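Survey of secondary and tertiary structure
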Amino acid sequence: MKLLFTCLLTVIGLTTLAQSKGTVTVVKDPKIDTIIAKRLQLNKKEATGTVRAVGPIVTQMGYRVQIYYGSDRRAIFKEQARFRTLYPNLMTYVTYKEPNYYLRVGDFRTRMEAQKLMAELKSTYPTLFIFREKINAPTLEYSND
């Protein structure tokens, strides 16, 4: 019984010593404050040389036509430039998923619109695919007829 009582007092005494309050000292490099200040300053400035869009860019699910893919970065950008000269009104998008680059074109709301482009491009580009992904919603033209 004395042994149990002694062990109990020892455990209580050790837990009270372990709960003593201490202080935490934070050591920080002063460069961190200057980097944060520069970041805040850059975020407040408006970018120079940029053109503001007429309306907001709205993303939605739609379709794009993949016209080219390959592992050579130069070849994909060369193909993008070639496509832009042939079809300057269509947007092009290059994405990279290891190990290939993918060139997709257009922002189509319906699959039928993408298939029309695909039929038009069939003679120039032999391997065409339609993908459903997030697109930048095209501006709609309204008429007062």
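Residues numbered from 1 in each chain as written. Predicted model: local features only at pLDDT ≥ 70, side-chain atom pairs only at ≥ 80, totals over all residues. Heavy atoms only, no water.

Along the chain, the position of Q66 falls in strand β1 (residues 59-70). With a relative accessible area of 4%, Q66 lands in the buried category. What Q66 contacts, discounting residues up to four positions off in sequence, is Y102, L103, R104, T127, L128, F129 and F131. (Helix = DSSP H or I, 4+ residues; strand = E, 2+ residues; numbered from the N terminus. Buried < 20%, exposed > 50% of the residue type's maximum accessible area, 1.4 Å probe, protein only. Contact = heavy atoms within 4.5 Å.)

Moving on to the pairing of β1. Bridge count between β1 and strand β4 (residues 129-136): eight bridges; the pairing is antiparallel. For M61, the partnering residue across the bridge sits in β4 and is K134. Both β1 and strand β3 (residues 100-108) contribute to a ladder of six bridges, which runs antiparallel. By the bridge assignment for β3, V65 is matched with V105. (Pairing = 2+ DSSP bridges.)

Further remarks concern the pattern of salt bridges. Across all of its chains, the model carries six salt bridges by this definition. Of the charged contacts, one joins D33 and K28 as a salt bridge, the two residues approaching to 3.1 Å between their closest N and O atoms. Relative accessible area serves as the criterion here: at 40%, D33 is assigned to the partly exposed category. The exposure class of K28 is partly exposed, given its relative accessible area of 49%. (Salt bridge = Lys/Arg side-chain N within 4 Å of Asp/Glu carboxyl O.)

This brings us to helix α2 (residues 30-44). Between its first and last C-alpha, α2 extends 22 Å over 15 residues, near the 21 Å set by a 1.5 Å rise per residue. Little of α2 sits inside the fold, with zero of its 15 residues counted as buried. (Expected span 1.5 Å × (residues − 1).)

Take the nonpolar core next. One finds V65, I67, F83 and L121 to be the most contacted residues of the largest nonpolar core, which totals 16 residues. Per element, the largest residue contribution to this core is four residues, and it comes from β3. The contact partners of L121, leaving out residues within four places of it in the chain, are I67, F83, Y87 and L128. (Core = buried A, V, L, I, M, F, W, Y, C linked by side-chain atoms within 4.5 Å.)

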